[in-house]
Amino acid sequence: MFNSVLTTHLEKFIPRYTKRTKTSKFLKQNYHQVLADTQQSGRFGNFNLSFKEIYYPIVGKHSLGSKLWDVDNNEYIDVRMGLGINLFGHNPYFIREVLTNQIEKGFQLGSQSQLAGEVAELICELTGMERVTFINTGTEAVMTAIRLARTVTGRDKIVIFSSSYHGHFDGVLAKAQIIDGNLNIVPTAPGIPNSIIKDVLVLNYGNPQSLEVIKAHKQELAAVLVVPVHTARFSFKLKTFLQELRKLTKESGIPLIFDEMTTGFRIHPGGAQAYFNVEADIATYGKVIGGGMPIGVIAGKACYMNAVDGGVWNYEDDSYPSAKTTFVAGTFCKHPLAMAAAQSVLEYLKKEGPNLQLQLNQRTSEFVQTLNSYLEKNEVPIRLDSFGSAFFFYYLENTVPTVDITVSELMELFRYHLIDRGVHIVGSSNYLSTAHTEQDINYIIQAVKDSVTELRQEGFLPRISCSNMALI
Ligand SMILES: Cc1ncc(COP(=O)(O)O)c(C=O)c1O
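Residues numbered from 1 in each chain as written. Predicted model: local features only at pLDDT ≥ 70, side-chain atom pairs only at ≥ 80, totals over all residues. Heavy atoms only, no water.

Draft legend 1. The arrangement of the packing of aromatic side chains in detail. Under the criterion given, the structure shown has 21 aromatic pairs. Centroid distance Tyr 17 to Tyr 56: 6.0 Å. Interplanar angle 55°. Geometry classified as tilted. In this pair, Tyr 17 is assigned in helix α1 (residues 4-20) and Tyr 56 in the loop between α2 (22-31) and β1 (60-64), connecting sequence segments 39 residues apart. On the basis of relative accessibility, which here comes to 1%, the residue Tyr 17 falls in the buried class. For Tyr 56, a relative accessible area of 1% corresponds to the buried category. (Phe/Tyr/Trp six-rings, centres within 6.5 Å; stacked < 30°, edge-to-face > 60°. Helix = DSSP H or I, 4+ residues; strand = E, 2+ residues; numbered from the N terminus. Buried < 20%, exposed > 50% of the residue type's maximum accessible area, 1.4 Å probe, protein only.)

In structure tokens, the structure reads:
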């Protein structure tokens, strides 16, 4: 189970890491009995005994701009950025101000939100959608968007694409798996019944054959749900595929749903729809628009959104909600804090215009290029991939040569080294925000270089020319 190079290194590294972050570790241990928590706990069978002593999340105490301070007063340049929420960094003044004001006024749940109409109008203005409804998380937004599409089309089957995360609604937690030579659609985790995903088709993103499958099932499909940029590989940007998907779904009368949870308002004020110039029928948003408050948004063409409330009707005439409706609900929907933060985010984005995203995307691209040239020049088989201001590190090959360590162990070790050097980073998507300064970016670059140097001295990351390596 243990390999010698990793074990020898961890014997030195773990005491250093746990000394620096001792209160985070103490809190994990102290409340483990009562707190069942997925965060960094080695779930889904990923529990690696080698890393057991450092399986605990960094506990944040305070944050501002690009920085996070943990309970041991360690300072980090944060690139987790609230899992993609904090486009403007932590606690920006314009959101803090409206939230403080709203707290003074109280939370009027149960009566209508004073801001919901204005926020809906701003979303329509920035995204080009016709109507909007509010929910509490991205997961709920995706679940409800699918329900709306099923209501309007009267069909059940949906298409999703492999390796695209859409949140934790049972109805999308499906994957394609070959069993006894046959392709099956199976749940991605225990506890999800087969029956709930029996109407889900999981296809390959970017593969022309997927379009053929959609064509073959067009009479049965209630929706095609797509994360416009493949979650597992950002550089896999397939504008042509998206355009073909749009053409095909339009011709076939299948609603196209863009899950814009990570791209919405971040890649462009109009999200991936504007970036790729592809118009969806329904789009789901969350993260950035909530300015740190929990929110989910479903926006779309009126013909789909009318399934929420029956459509628009007027007073003093004979109009009425004539569209077929479904069930949409939630105690916390349009929470005054979420509405206040969203209004502030949207007004700020509107005032700044697309240059805000353009400049941030450009800075991220330069950061990624700088590190990639360093890694290439030094024959380190790690690279960064990015889309707009989102980026992640990946290993160039399927196996790690010469050292008995798996790719996931090596990348995990690399990430722990970055955290140890004051970069708060996650193994998947990380983000730059408008609050990150040149100094912050240089700090991250130096932390990567120092981590590579130390890992090399310890026998990891042997120099290998990457020119002949195949991308995994
Ligand atoms: C593309 C996508 N869809 C849906 C979700 C789920 O959003 P939430 O975590 O707010 O439920 C996520 C979350 O990361 C996401 O990335």
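Still more ground to cover, so stick around.
Draft legend 2. The sheet that holds strand β14 (residues 390-395), seen in detail. With respect to topology, 3 strands assemble into an open sheet ordered β13-β14-β16, the strand pairing being antiparallel. Each end of this open sheet is capped by a strand with a single partner; those strands are β13 (382-387) and β16 (430-431). Bridge count between β14 and β16: 2 bridges; the pairing is antiparallel. When the sheet's bridge partners are listed, Ala 390 is paired in β16 with Tyr 431. Where helix α13 (residues 407-420) meets the sheet, it contacts β13 and β14, and its direction lies at approximately 130° from that of β14. (Pairing = 2+ DSSP bridges. Contact = heavy atoms within 4.5 Å. Axes fitted to C-alpha atoms, helices over the stretch in contact; angles between N-to-C directions.)

Draft legend 3. Summary view of helix α4 (residues 93-105). Relative to the 18 Å expected for 13 residues at 1.5 Å per residue, α4 spans 19 Å between its end C-alpha atoms, a close match to the ideal helical length. Every buried residue belonging to α4 is among Phe 94, Ile 95, Leu 99 and Gln 102, and all of these are buried. Projection of α4 onto a plane perpendicular to its axis shows the buried side chains occupying an angular sector of 125°, all on one side. What points out from α4, more than 90 degrees from its buried face, is the exposed set Tyr 93, Glu 97, Ile 103 and Glu 104. (Expected span 1.5 Å × (residues − 1). Arc of directions from axis to C-beta.)

Any link to function would need more than the numbers given here.
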